[in-house]
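Each chain is listed here by its residues.
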Amino acid sequence: MNRRDFFKKAITSGIAAGAFLAFPKVNRFWNTPSYASSLPYDLVAVRGGEPNTMFDAAINALGGISTFVPRGSRVLVKPNIGWDVPPERAGNTHPALVGAIVAQCFEAGASQVTVFDHTCDNWRKCYENSGIGAAVKKSGGKMISGDSEGYYKTVTVPSGLRLKETKVHQALLEADVFINVPILKHHSSTMLTIGMKNLMGVVWDRWYWHRNDLHQCIADFASFRKPDLTVVDAYNVMKRNGPRGVSVNDMVSMKAQVISRDPVAADAAATKLFGMEPGDIRHIKIASQMNLGQMNLKHLAINRIKI
């Protein structure tokens, strides 16, 4: 048995034991009682299932997809598709989750569902080798390119402190509903990349952010248009060498998912899953200070589901 096969076989039902070894504080999140537990929930966290079944459980706990997707609406689903790596590397959002979201949007009566990312590697290879292109096509959605500056329009960011204007993909500007579907993973520049960081994939000039206080720019852009729903993929989690990773040995199977209307809360909960504190991630702290969402999970009604 090679190392890769051994690693896969070490995964047990529910959350893999490796997740507890790699992220020893993960149990604190799951075992923390909610300070409010009645509907409507602010955030749902689910563990122990496949990406599509976890999404079904989570979205139903928030009232169903039709709560967010009106009939006839144009929906943008924004996964992380930045890297030309296969799903088992956990560099991109899991394709099964993206496909499930697209399918449910159409079931709710969406007129169109568009998926894209401004990728770091070659966009065609990213779409293909991530498995996301095929999953979206199977579910009836449309993949579009983010690779040409002509697709982007200059917008102002009224609440931005460092990011005053930027070029945003027209797919976001034209969407009635915006669903952000990041993957939780390590990142060399920001410690973690989750939901707000994933929004860098809808703008043209990401490098401006890197040159001009990256964390502040991330929070600034989160004030431009908050997603209607943030769905954090923590099925497989890259624990080191992010954002691209080096091999499958960087990945731990966690089989978890976080979903919320509040992008700051979603990032805060996902940070807890990683074993860190939300205040340790500067853009989460800044976004909370800008009143873009709730970083303190004690103030939220959270539904924790085990499949």
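Heads up: the structure comes first, above all this text.
First things first, this report covers the structure right here in the doc. (Residues numbered from 1 in each chain as written. Predicted model: local features only at pLDDT ≥ 70, side-chain atom pairs only at ≥ 80, totals over all residues. Heavy atoms only, no water.)

## Let's talk about the overall build of the protein chain
Next up, step 1: Counting its regular elements, the protein chain contains 13 helices and 12 strands.
Next up, step 2: Considered along the principal axes of its C-alpha atoms, the protein chain spans approximately 50 × 45 × 40 Å.
Next up, step 3: In the protein chain, which comprises 307 residues, the share counted as buried stands at 57%.
Next up, step 4: Within the protein chain, counting contacts between residues at least 6 apart in sequence, those at least 24 apart form 73% of the total.
Next up, step 5: Per element, the accessible surface of the protein chain, about 12,600 Å² overall, is 49% carbon and sulfur.
Next up, step 6: For the protein chain, the separation between the mean place of its 37 positive charges and that of its 25 negative charges on side chains is 4 Å. (Helix = DSSP H or I, 4+ residues; strand = E, 2+ residues; numbered from the N terminus. Buried < 20%, exposed > 50% of the residue type's maximum accessible area, 1.4 Å probe, protein only. Contact = heavy atoms within 4.5 Å. Areas by Shrake-Rupley, 256 points an atom, 1.4 Å probe, with all protein chains shown as cover. Lys, Arg positive; Asp, Glu negative; His and termini not counted. Charge placed at Lys NZ, Arg CZ, Asp CG, Glu CD.)

## Observations concerning the environment of Arg 71
Next up, step 1: Tracing the backbone shows Arg 71 in the loop between α4 (51-61) and β2 (74-79).
Next up, step 2: With 72 residues separating them in the primary sequence, Arg 71 and Met 143 have C-alpha atoms 21 Å apart.
Next up, step 3: Once residues within four sequence positions are removed from consideration, Arg 71 is found in contact with Ala 108 and Gly 109.

## Focus: the side chain of Arg 89
Next up, step 1: Position of Arg 89 relative to the elements: it lies in the loop between β2 and α5 (95-107).
Next up, step 2: In this structure, Arg 89 is buried with no salt-bridge partner, the nearest side chain bearing the opposite charge being Asp 250 at 5.8 Å.
Next up, step 3: Other than its neighbours up to four places away in sequence, Arg 89 contacts Met 238, Arg 244, Gly 245, Val 246, Ser 247, Val 248 and Met 251. (Salt bridge = Lys/Arg side-chain N within 4 Å of Asp/Glu carboxyl O.)

These figures capture arrangement, not role.
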